[in-house]
Amino acid sequence: MTISRRTLLASTAALAAVAVTSKFALAQSNDSGTIRVLMNGGDADLLTTNNAIARFNKKFPNYKVTVDMDPISTGWGDFVTKVLAQFASNSQYDIYGTAIETFQTFASRGVFEPIDDFVAANPNYSDFAPALFEDCKYQGKTYFVPTSWNNIMIHYNRDLFDKAKVGYPKAGWTWDDFRAAAKALTVKDASGNVTQWGYEVPNQNFFVQPWFFSNGTGVLSDDWSKSNMLDPKVAESLQFLHDIIHVDGSSPIPGNDTLDNQFLAGQVAMMSRGHWVIPNIKNAKLNTDVAIPPSKVNDYTVVGFGAVGIAKGSKNPAVEALLAELSGPELEMDVAKAGGAVPGSKAAASIPEFLAFPPSANLFYQTLPHTKAVPSPANFQEVEKIFIRYYTAMMADEVSIADGCKQADAELNDSFARLKASLKS
Amino acid sequence: MTVIAAPTSDLRSSQARAGYLFAFPALALYFVFVLAPVVVTVILSFAYYDPQLGSHWVGLDNFKRFFFDFRSKQIFWNTLRFTLFAVTGNVSVGLLLALALNRAMPGWLLYFFRLAFFLPVIIAAAFVSIVWGYFYQDNGIFNYYLRTLDLPAVHWLTSAANAMPSIVFMDVWKNTGFFMIIFIAALQGVPRTIMEAAIMDGTSPWRRFWRITLPWISPVVFFAIVYASIGALQVYESIYILTKGGPGDATRSMSINIVEEAFGSFQIGYGASVAVVMTLVILVITGVQLVISRRLVRY
């Protein structure tokens, strides 16, 4: 029998195709079903989620995965309310993307599955900082897998520093150094009106936390069970920020809007933000860098992070496989490339794309051991609102710092009393 | 005397059935989307509601919390003073604009002015608030012009003294055009014969306004005041977008408080109790306005 060259090539190709297909068939599951996922963020987050789903569907081709995105435009409080309403009406998603601010609220209500066995069985997570997983626990059980995080650093405009002949921040710089720099970087016109602010005193709970942590204190007790507003160090931190505004005139009074746009326009020299502003800074082609927030008694800053978890009653091998993809090494690489946050995986945070900008990008991961999680008790939604209400009033000089701390303390403790009563019932 | 009951004709009963059938969709919508939520809100106001941790009756505790909370007084006062100033501003400026435009002028100019003043009404309050938020920033356009005139910059939204007037000013800019249109329609209904007679008698324009125009349009003015009051008492988005109720509680309205407590802090029972109180306040204020109107509304 004569075999033509064409037949030989065709047969070889067919055999190769069969071999490849059967190899995939071995790795594929025949199970079928639908998995509903609710993630948060914008287009970049949707893209990384869809990439993860595409990888999942290679292993589980008969599963249909639907994704909804919540932009969290009105804060985590509204997100919690929405999610709890979904559970109450039995219309919950199978997998949720959420953040540390919500962990205790959800876990205390038992609406998420404990996933200690899943985490222990997944070797990818050995590369994650253990501190992140510690914060995913409630009463000793793990409920979430961290995917990305943000710690608050001081972003500063190097061109404005150069222009004012102020030296760049160095490791170990102090509150006094910071205050002197902010003052020197504040520019006024002939009429005395400020045209460039040295610093933006933050207007959000997350951004302002380093000013308490670096003073060895916090708004809440270390176990997040009661107010710590009467600690004189809290008042000292608030007074420091207040004086930057009202004594030095180096910052505007924190209002409703953040000054990101003014920073990008070169009208603000320093601001406290996480890694999420880096893509915008790159787009604006600003010559900026990051520094560890200045220290008073230590150099601690705050960390907050996103995570994924499985809704109560939805745990099965397919959902676990999708959860693994939504927190797997490929997704971590996507997060590192997008630059909207620091990836949970150290390997992903070490890739050149991630470290290319800003010059001190390595500080983001390097400072992780010197971070404390944003205080997120089960009544976080109330706590944040109470604190920020008094904080803005104190910064606007509408209430004295002593009175503001006292009143905030009373309200925070009332909230904790209500929380304890509801958890008991 | 024998009383004979009138027999129900087939035609009448089938007409009644048809009537009920036609009314059913509207009634069903009313029950589902208006009456049921009201009833549920009242029920929730007496409860602690948390489907996961367990719900239970708390009697009047939610109301006690509202009435004894020192913040409630401030929030209540914010709502009232916003209502007072916004209603006064909207109705009076709307009336002044209507009087200014209710005169002979070229058609195109008349339509131009009417459109110019009415245009803000058709723009969503959220968009208007975002744009005005930029105007009001410390380095916004208002402070830019103040600086140009060598005047000190003003903390429009970050000072408790200025924040509420700033919000009211924006509200009047946005809504007064609506009242202007209503008043123009009312002014065109004032009989020309009476007005001409008054002019011939030598009555001054000021006296004509107070003695003829205002009494004649008083039902419309009353409607405008009630309508503006109900809207102002429920003010939410403009304040939320401009100040989120701050600084501190300086501009927090009852509506914002309800949403924050019920949906932001998951205190649904407490939020419902504040909503019930707010509804009662609106009812009382509207009732008072009705009583006053009986004395003042002429026609």
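An account of the accompanying structure is given in this report. (Residues numbered from 1 in each chain as written. Chains lettered and ligands numbered in written order. Predicted model: local features only at pLDDT ≥ 70, side-chain atom pairs only at ≥ 80, totals over all residues. Heavy atoms only, no water.)

1. Quick notes on the pairing of strand E2 (residues 63-70) of chain A
Residue and element names in this part refer to chain A.
Next, step 1: As judged from the 8 bridges shared by strand E1 (residues 33-40) and E2, these two strands associate in the parallel manner. Each residue of the ladder has a partner; that of Leu-38, found in E2, is Asp-68.
Next, step 2: What joins E1 to E2 is helix H2 (residues 43-59), and the crossover it makes is right-handed. (Pairing = 2+ DSSP bridges. Helix = DSSP H or I, 4+ residues; strand = E, 2+ residues; numbered from the N terminus. Right-handed = clockwise from strand over helix to strand, strands pointing away.)

2. What about the layout of surface pockets?
Residues and elements named next belong to chain B.
Next, step 1: The volume enclosed by the second largest pocket comes to roughly 890 Å³.
Next, step 2: At the level of elements, helix H3 (70-101), helix H8 (192-200) and helix H9 (205-233) are the ones that each hand at least two residues to the lining of the second largest pocket.
Next, step 3: Here the element with the most residues in the lining of the second largest pocket is H9; it accounts for 8 residues.
Next, step 4: Residues of the lining of the second largest pocket, tallied by class, amount to 15 nonpolar, 5 polar and 4 charged. (1 Å grid on protein atoms, 1.4 Å probe; cavity = no way out; pocket = protein on both sides within 12 Å on 5 of 7 lines; lining within 4 Å. Points joined across faces, edges and corners; volume = space filled by probe spheres on them. Nonpolar A, V, L, I, M, F, W, Y, C, P; charged D, E, K, R; others polar.)

3. With respect to empty space enclosed by the protein
Next, step 1: Under the counting rule described, the total for this entry stands at 3 cavities of 30 Å³ or more.
Next, step 2: Of the voids in this model, the largest cavity is the one considered here, and its volume is about 150 Å³.
Next, step 3: Residue lining of the largest cavity: 17 residues in total, with Arg109(A), Ala378(A), Asn379(A), Ser265(B) and Gln267(B) positioned closest to the centre.
Next, step 4: Of all the elements in the fold, those that place two or more residues in the lining of the largest cavity are helix H3 (76-88), helix H17 (380-395) and helix H18 (401-424) of chain A.
Next, step 5: At 4 residues, the largest contribution of residues to the lining of the largest cavity is made by H18(A).
Next, step 6: Residue classes in the lining of the largest cavity are distributed as 6 nonpolar, 7 polar and 4 charged.
Next, step 7: Roughly 60 Å³ of volume is contained in the second largest cavity.
Next, step 8: Lining the second largest cavity, in full, are Asn205(A), Gln209(A), Val219(A), Leu220(A), Pro375(A), Phe380(A), Val383(A), Glu384(A) and Phe387(A).
Next, step 9: If one sorts the elements of the lining of the second largest cavity by residue count, H17(A) sits on top with 4 residues.
Next, step 10: Per-class residue counts for the lining of the second largest cavity are 6 nonpolar, 2 polar and 1 charged.

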